[in-house]
Amino acid sequence: MRLDSPIFQDADAARIHLEAQRWPYGPNCPHCGNANPDRITKMEGKAHRPGLYNCMECREQFTVTVGTVFERSKIALNKWLLATFLMASSKKGMSAHQLHRMLGVTYKTAWFMAHRIREAMNEDVQSSGPLGGEGKTVEADETYYGRREDGYVSPERKGRPYLKRKKPMKNAVIGLVERGGKARMFHVQHATKVAVRDILVRNADRQSTLYTDESALYPVTGREFSKHDTVKHSAGEYARGDVHTNTIESVFSVFKRGMVGTYQHCGEAHLHRYLAEFDFRYNRRTALNVSDTERHDQLLAKIEGKRLTYRRIGESSHA
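Source: prediction; values computed, not measured.

Draft legend 1. Structural view of helix H9 (residues 246-263). The end-to-end C-alpha separation of H9 is 24 Å, in line with the 26 Å expected for 18 residues at 1.5 Å each. Inspection of H9 places Thr 247, Ile 248, Val 251, Phe 252, Phe 255, Gly 258, Met 259 and Tyr 263 among the buried residues, and these make up the whole buried set. When H9 is viewed along its axis, its buried side chains cluster within an angular range of 145° and face the same direction. Those residues of H9 that are exposed and angled more than 90 degrees off the buried face are Arg 257, Val 260 and Gly 261. Gln 264 occupies a position one or two residues after H9 and carries a positive phi of about 65°.

Have a look at this one:
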């Protein structure tokens, strides 16, 4: 798909494209779920905005953006679609500064658009099922990124502060990847055996073969899997036949290159959204025969039921 496509240049073309993606069999009322074409009318005329429908079941009006991350946005829909395409097709991400220049919106608007799109990228791991399975291999590893902002001290120190630490503590990220399949990354408060086991048993089929490095986080949980083997990085061993963690380290590499080279800074509170963004693209990469256009359409299919709103000072709503 070209950047001069009509859906990126014209709001009406963008709306028609989004309606075709969300409603392939005709409009559905997001308020009551009515999909009967005889009970939904399109409101036409100068007094009504384009794309407005009326549901005769619940007597509510709606457009294709109601119930999505685009809802109540004053930004033209073609700019939303261009932003989703740019973020879905850029392997290492698209900064808010770049979006603000390309879309012709303010930096603050571009930043918030990017976070709404990341919210849509978030995978529903419960419905997508576990990674791996019988005869399949899952790699697990942990990495550390950025800087902790909450002054957290790990449980192992029993509240004692670090006296000689020269470098700030970093955020812990646990990553899993099925070879030839999908990846999942998780921001955890602290990488412990308990945290690692919880992530592994919830996200990886225990009929899988599990490969890790020699970290002490994995041996106990590894016994719950069909097979567990390790490579010893401290001894210069990075692969022993099929036993390696090169795949998950490659996932981490793309993530870190994107965060350092494209985004440059990420607050700890938003790290989980950036992880979801990189997971989304990796799980729909070209090696899995997913094109940029298909990846964009799959992102548009995930915008429903996810809202992200500004939280003003004094309000308790979730951002």
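This is not the end of the story, as more comes after the structure.
Draft legend 2. Region of interest: the packing of aromatic side chains. For the structure on display, the rule yields eight aromatic pairs. Seen from their ring centres, Trp 23 and Phe 62 are 5.8 Å apart, and the 90° between their planes marks the pair as edge-to-face. Of this pair, Trp 23 sits in the loop between helix H2 (11-22) and strand E1 (40-42) while Phe 62 sits in strand E3 (residues 61-62), placing them 39 residues apart in sequence. Just as Trp 23 is buried, Phe 62 falls in that class too. For the ring pair Phe 255 and Phe 278, a centre distance of 5.4 Å and an interplane angle of 90° mean the geometry is edge-to-face. Of this pair, Phe 255 sits in helix H9 while Phe 278 sits in helix H10 (residues 271-282), placing them 23 residues apart in sequence. Each of the two residues, Phe 255 as well as Phe 278, counts as buried. Sitting above the plane of the Tyr 263 ring, Arg 118 keeps its charged end 5.0 Å from the centroid.

Draft legend 3. View of the sheet that holds strand E8 (residues 227-231). Pairing is mixed in the open sheet, where five strands are placed in the order E6-E5-E4-E7-E8. Since the sheet does not close on itself, it has two edges, and those belong to strand E6 (183-188) and E8, each with one partner. Averaged over neighbouring strand pairs, the angle between their axes works out to 20° when direction is ignored. As defined by bridge partners, strand E4 (residues 137-145) adjoins strand E5 (residues 171-178) across eight bridges and the pair is classed as antiparallel. Among the inter-strand pairings, Ala 140 is bridged to a residue of E5, identified as Leu 176.

So, how was this worked out
- Residues numbered from 1 in each chain as written.
- Predicted model: local features only at pLDDT ≥ 70, side-chain atom pairs only at ≥ 80, totals over all residues.
- Heavy atoms only, no water.
- Helix = DSSP H or I, 4+ residues; strand = E, 2+ residues; numbered from the N terminus.
- Expected span 1.5 Å × (residues − 1).
- Buried < 20%, exposed > 50% of the residue type's maximum accessible area, 1.4 Å probe, protein only.
- Arc of directions from axis to C-beta.
- Phe/Tyr/Trp six-rings, centres within 6.5 Å; stacked < 30°, edge-to-face > 60°.
- Lys NZ or Arg CZ within 6 Å of the ring centre and 35° of its normal.
- Pairing = 2+ DSSP bridges.
- Axes fitted to C-alpha atoms, helices over the stretch in contact; angles between N-to-C directions.

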